[in-house]
Amino acid sequence: MRRVVPIGPYHPLQEEPEFFKLIVEGEKVVGLEINIGYNHRGHEFISQRKTFDQVTFLVERICGICSDSHPFAYVNAVEDLAGIEIPERAKYIRTIVGELERIHSHFLWVGLAGHFIGYNTVWMWVWRYREPLLDLCELICGNRNHYAINKIGGVRRDIRKEDYPAIERVLNELEEKTLMFTNAILDDPVIRARLEGVGILTREQAIAYSVVGPTARGSGVAIDVRKDDPYAAYDLVPWDIIVFDEGDVLAKAKVRLLECLESIKIIRGCLEKMTEGEIEVRVDEIPRGEGIGRHEAPRGEVFHYVRSDGGKSPVRHKVRAPSYNNIPSNEVAVVGYSIADAALVLAAVDPCYCCTERTVIIQDGKVIGGGKELLERSWAKTRMLRERYRR
Amino acid sequence: MIKAIINFVIYPGLLFTGGIGLFLTWIDRKVTARIQWRVGPPIYQPYADFIKLLLKETFVPKGASKVAFLLAPFLGLIGVNVVSTMLFLMNFHPDLSFVGDIIVIIYLLALPPLSVIIGGASARNPLSSVGASREMTLFFGYELPFLIAVAIAVIKTGSLKIGEIIIHQKLYGPLLYSFSGVIAGLVFLIVTQAKLTFVPFDIPEAEQEIMAGPYLEYSGVALAIFKLTRAMLFFVLPVFLITILWGGMASPWSIVKFLVIVVLIVLIKNTNPRLRIDQALKFFWIGLGILSLIGLILALVGL
């Protein structure tokens, strides 16, 4: 007998607007329908009404967790458009903040994964050790999240010499704790029983669904923008891509945990090689043209496209966040497992809904409207309001 | 007659057991919080929660079977209440015991899971019915090792009367200090975890998967009764363990024993992830089943 078990739009699994329609037979999942589009904020549209400099801080608000990834990709795009070469110190600083963000995002996921399998102690412990990292971000950038470190042509703030020891101290502690959690998770037989062989996404499926980031690297696809198309300081310091072939949730967890160690390695390399110098170049105007910016966010590749007509704001700005690629892969990863596994598998891609949300209005399985229609409706309402208040 | 009513309603029945049970849930929450680097709630929190729930509206979902839905929580409450009254009276007055009372207690302890199954199945919610079916599977899983663990105590003492089991332990020392007794105690402790539906066996109400399962549609008084039943079970099961395996509740030491068991339960709860229902069933039937059978054989040869 087929039944539908709804996960969402409001569900204690992930406190974000998403709707997974699990089609189950008894406890076994036989199908999945994914429905997103509960949250539309019109960032691309707003960014066409801001200046190039303002957009850097606007895209930071796309997502609270990858709040460095979007500006990073955006400034990459604008610098590609205008042909700007940033000073070396700025490259290092961008890399450091980008990697700090990756570690805290991966820690966040490990904690949540613990919560999803009912292991709340892991959740609280991991988040506790994530806290010094956020304090470190505040020390460097002035904010726990929303670092506002990137600007077109460089970075907004220098990392002061007297902060180096603090960074070292936090990194040492993090390294120790990451190793502790990695060993604890790999040694615990009950955790292994829940994670191993669950939610397998094969290499072929991963390629077919174009998944990115740790989801792809857990399935044996070695893609990483930082290596494939180096930017900032990623080709100046030594580090490795972490790849596992199993494709199950355990492999994804291992990828994330070991990537934290690689990030620590990158930050140490940056601190070592960083020399004193300028942190920004003056950018007076953005010429006509188009540019592409990519950044390996904690969840995978973030892509920004910017087109300029020589004016003060972009005429087109397109954002593609990694979860938008990763979430559809659940369609195949979740089938054949139980409801209990489904909760974990759906979360294993580390979905980020604020990055992903698009508005599509679907009625009876047919698309009856998208962002354009919504904009038109919104304009119509604004016009109506104006008319009402003029009278 | 009046004495019997007082026994059931005030001491050692509803009021006493409920009060201590809610206090135990505070211990659970506080210890959990301390393990997880949190502060934890104040001591009156479970009582405040309970009273607040009593004052809330009790909502019956559309299409649910009203009688079954609203009676289910009380069924479980009555079961636990009778067990706690019987156990406590017999601990202090072994002569009140009657032949086969241990079997009566085992049957009455099946009422709380039964009430959850009835309540979940009558709620007419897909998640509730998944929870109810999980509860049923879990119940079939843990009942066999539980029965064997109790049977070990019966075989060791050669009596079906709780009073005689207690007296036997007073004369020859607690059953727990023998090979088969240790095995019975271990099996009993793990089954307690499942009977209380604590992690790793909180499968029927897995918050992240099926949003509290059978309790999903419950609110107000009915939910409060379910919570009270769970709290009372938290008190009754360790008492039952001490009564049949660890020398009875009559000595002052039993309070220390009781707290040790409660803290052990809370620790197990906080150092494990939730199992899947098929893994739990396999664990109970193969793992604990074989372990309890070994204990049974040891008890039969007198170890």
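For every chain, the first residue of the written sequence is number 1, and numbering continues from 1 onward in sequence order. In the order they appear in the text, chains get letters beginning with A and ligands get numbers beginning with 1. In keeping with the predicted nature of the model, local features appear solely for residues at pLDDT of at least 70, side-chain atom pairs appear and are counted solely at 80 or more, and the whole-chain, interface and lining totals rest on all residues. Side-chain descriptors were evaluated using all non-hydrogen atoms of the structure, hydrogens and water having been removed beforehand.

## Some details on the overall build of chain A
The condition that has to hold: Secondary structure elements follow DSSP: runs of H or I no shorter than four residues count as helices, runs of E no shorter than two count as strands, and numbering proceeds from the N terminus. Note on method: radius of gyration uses C-alpha positions; expected globular size equals 2.2 Å times residues raised to 0.38. Each residue is assigned to one of three classes by its accessible area relative to the maximum for its type, calculated with a 1.4 Å probe on protein chains only: buried under 20%, partly exposed between the two thresholds, exposed over 50%.
Secondary structure assignment for chain A yields 16 helices and 10 strands. Against the 2.2 N^0.38 benchmark of 21 Å for 391 residues, chain A shows a C-alpha radius of gyration of 22 Å, consistent with a compact globule. Oriented by its inertia axes, the alpha-carbon framework of chain A measures out at about 65 × 65 × 40 Å. Within chain A, the fraction of its 391 residues that count as buried is 55%.

## Digging into the overall build of chain B
Test applied: Only heavy atoms enter the contact rule, under which two residues are in contact if any of them lie within 4.5 Å. Only the protein chains shown count as cover for residues, and the accessible areas themselves come from Shrake-Rupley with a 1.4 Å probe. Charged-residue counts in this description rest on Lys and Arg as positive and Asp and Glu as negative, His and the chain ends being excluded. By convention, the point assigned to a charge is CZ for Arg, NZ for Lys, CD for Glu and CG for Asp.
Looking only at helices and strands, one finds 13 helices and zero strands in chain B. Secondary structure elements of chain B, listed N to C terminal, follow the sequence α-α-α-α-α-α-α-α-α-α-α-α-α. For a compact globule of 303 residues, the expected C-alpha radius of gyration is about 19 Å, and chain B comes in at 19 Å, within 12% of that figure. Over its C-alpha atoms, taken along the principal directions, chain B stretches across nearly 55 × 45 × 40 Å. A fraction of 79% describes how many contacts in chain B between residues 6 or more apart in sequence connect residues 24 or more apart. Counting only carbon and sulfur atoms, one obtains 76% of the accessible surface of chain B, whose full area is about 12,700 Å². Computed over 22 positive and 14 negative side-chain charges, the separation of the two mean positions in chain B equals 4 Å.

## Some remarks on the interface of chain B and chain A
A common way to state how big an interface is: give the accessible area lost once the parts meet. Going by this rule: Using a 1.4 Å probe, buried area is obtained as the accessible area two parts lose upon being combined, added over both of them. The term salt bridge refers to a pairing of a side-chain nitrogen on Lys or Arg with a carboxyl oxygen on Asp or Glu at a separation within 4 Å. Residue polarity follows a fixed list, in which Ala, Val, Leu, Ile, Met, Phe, Trp, Tyr, Cys and Pro are nonpolar, Asp, Glu, Lys and Arg are charged, and the others, Gly among them, are polar.
Taken together, the contact between chain B and chain A spans 24 residues of the former and 28 residues of the latter. In total, about 2,500 Å² of surface goes out of reach between chain B and chain A, with carbon and sulfur atoms giving 58% of it. At the junction of chain B and chain A, the tally comes to one salt bridge. A salt bridge links D341 of chain A to R276 of chain B; the shortest N-O distance between them is 3.0 Å. Taken together, the elements giving at least two residues each to the side of chain B that touches chain A come down to helix 7 (126-157), helix 10 (207-210) and helix 13 (277-300) of chain B. For the side of chain B that touches chain A, the per-class residue count stands at 11 nonpolar, seven polar and six charged.

## Let's talk about a nonpolar patch on the surface
All names here are of chain B. Here is the rule: Patches here are clusters of residues that have more than 30% relative accessible area and form no salt bridge, with a 9 Å joining cutoff for like charges and a 5 Å cutoff for nonpolar side chains (Val, Leu, Ile, Met, Phe, Trp, Tyr).
A surface patch of nonpolar side chains, about 1,000 Å² in accessible area, is lined by M1, I2, I5, I6, F8, V9, I10, Y11, L15 and F92. For the nonpolar patch, the element with the most residues is helix 1 (residues 2-9), which contributes five residues. Relative to the elements of secondary structure, I6 occurs in helix 1. The exposure class of I6 is partly exposed, given its relative accessible area of 41%.

## So, the sheet that holds strand 6 (residues 288-297) of chain A
All names here are of chain A. Under the convention used in this document: Whether two strands pair comes down to DSSP finding at least two bridges between them. To get an axis, fit a line to the C-alpha atoms, keeping to the stretch in contact for a helix; angles then go from 0 to 180 degrees between the N-to-C directions.
In spatial order, the strands read 6-7-8; together these three strands make up an open sheet with antiparallel pairing. Bordering the open sheet on either side are strand 6 and strand 8 (316-320), each of which pairs with just one other strand. Across this sheet, the average inter-strand angle for adjacent strands is 10°, counted without regard to direction. Sheet topology note: the strand 7 (residues 300-309)/strand 8 ladder contains five bridges and is antiparallel.

## Quick word on the pairing of strand 8 of chain A
In strand 8 of chain A, alternate side chains face the same way, and those of H317 and V319 of chain A are buried while those of R316, K318 and R320 of chain A on the opposite face are not. If you look at the hairpin formed by strand 7 of chain A and strand 8 of chain A, you'll find six residues sitting between the two strands, and G310 of chain A has a positive phi there, around 90°.

## Section: the domain arrangement of chain A
Heads up, the condition is: The source of the domain bounds is an automatic or database domain assignment.
The domains assigned to chain A are domain 1 (43-347) and domain 2 (362-390). Relative placement of domain 1 of chain A and domain 2 of chain A: their C-alpha centres are 35 Å apart.

## Observations concerning the UniProt feature "transmembrane region" (unreviewed entry) in chain B
All names here are of chain B. We count it as follows: UniProt positions are given in the numbering used here, feature names are shortened, and annotations may be inferred rather than shown by experiment.
Following the UniProt record, one finds the feature "transmembrane region" (unreviewed entry) at residues 6-27, 67-90, 102-124, 136-155, 175-192, 231-249 and 283-302. Across residues 6-27, helical content stands at 82% and strand content at 0%; the span's end C-alpha atoms are separated by 27 Å. Between the C-alpha atoms that bound residues 102-124 the distance is 36 Å, and the span itself is 87% helix and 0% strand.

## Overview of the environment of M211 of chain B
Within the secondary structure, M211 of chain B is located in the loop between helix 10 and helix 11 (220-245). Put simply, M211 of chain B and V301 of chain B are 90 residues apart on the chain and 47 Å apart in space, counted from C-alpha to C-alpha. Contact partners of M211 of chain B, with chain neighbours within four places excluded, come to H11 and P12 of chain A together with L127, A206 and L216 of chain B.

## Focus: unusual backbone geometry
All names here are of chain B. A cis amide bond links V199 with the next residue in sequence, P200, at an omega value of 5°. Despite not being glycine, T197 shows a phi value in the positive range, around 45°. By relative accessible area, T197 is classed as buried at 4%.

## Remarks on the pattern of salt bridges
Counted by the stated rule, this structure contains 33 salt bridges over all chains. The partner of R2 of chain A in a salt bridge is E25 of chain A, with the nearest N and O atoms 3.2 Å apart. With R2 of chain A in strand 1 (residues 2-7) and E25 of chain A in strand 2 (residues 19-25), this residue pair connects regions lying 23 residues apart in the sequence. A salt bridge links E143 of chain B to K195 of chain B, with the nearest nitrogen and oxygen atoms 3.6 Å apart.

## Here's the deal with the packing of helix 5 (residues 101-109) of chain B against helix 7 of chain B
Residue and element names in this part refer to chain B. Heads up, the rule is: The labels follow the angle: roughly parallel below 35 degrees, roughly antiparallel above 145, roughly perpendicular from 65 to 115, and oblique for the rest. Note: crossing handedness is left-handed where the near helix turns anticlockwise from the far helix by less than a right angle, and right-handed where it turns clockwise.
One can describe the packing of helix 5 onto helix 7 by two numbers: an axis separation of 12 Å at closest approach and a directional angle of 160°. Between helix 5 and helix 7, the crossing angle belongs to the class labelled roughly antiparallel. Between helix 5 and helix 7 the crossing geometry is right-handed. Here I102, I106 and L109 of helix 5 come into contact with helix 7, specifically with E143, F146, L147, V150 and V154.

## Quick word on the UniProt feature "binding site: Ni(2+)" (unreviewed entry) in chain A
All names here are of chain A. In the numbering used here, UniProt assigns the "binding site: Ni(2+)" (unreviewed entry) feature to C63, C66 and C352. In summary, the annotated positions, though distributed over 290 residues, converge in three dimensions, the widest C-alpha pair being only 9.0 Å. Within the fold, C63 resides in the loop between helix 2 (52-59) and helix 3 (69-82). Residue classification places C63 among the buried residues on the basis of a relative accessible area of 1%. Secondary-structure assignment places C352 in the loop between helix 14 (339-348) and helix 15 (353-356). Excluding residues that lie within four positions of it along the chain, C352 makes contacts with C63, C66, R299 and S323.

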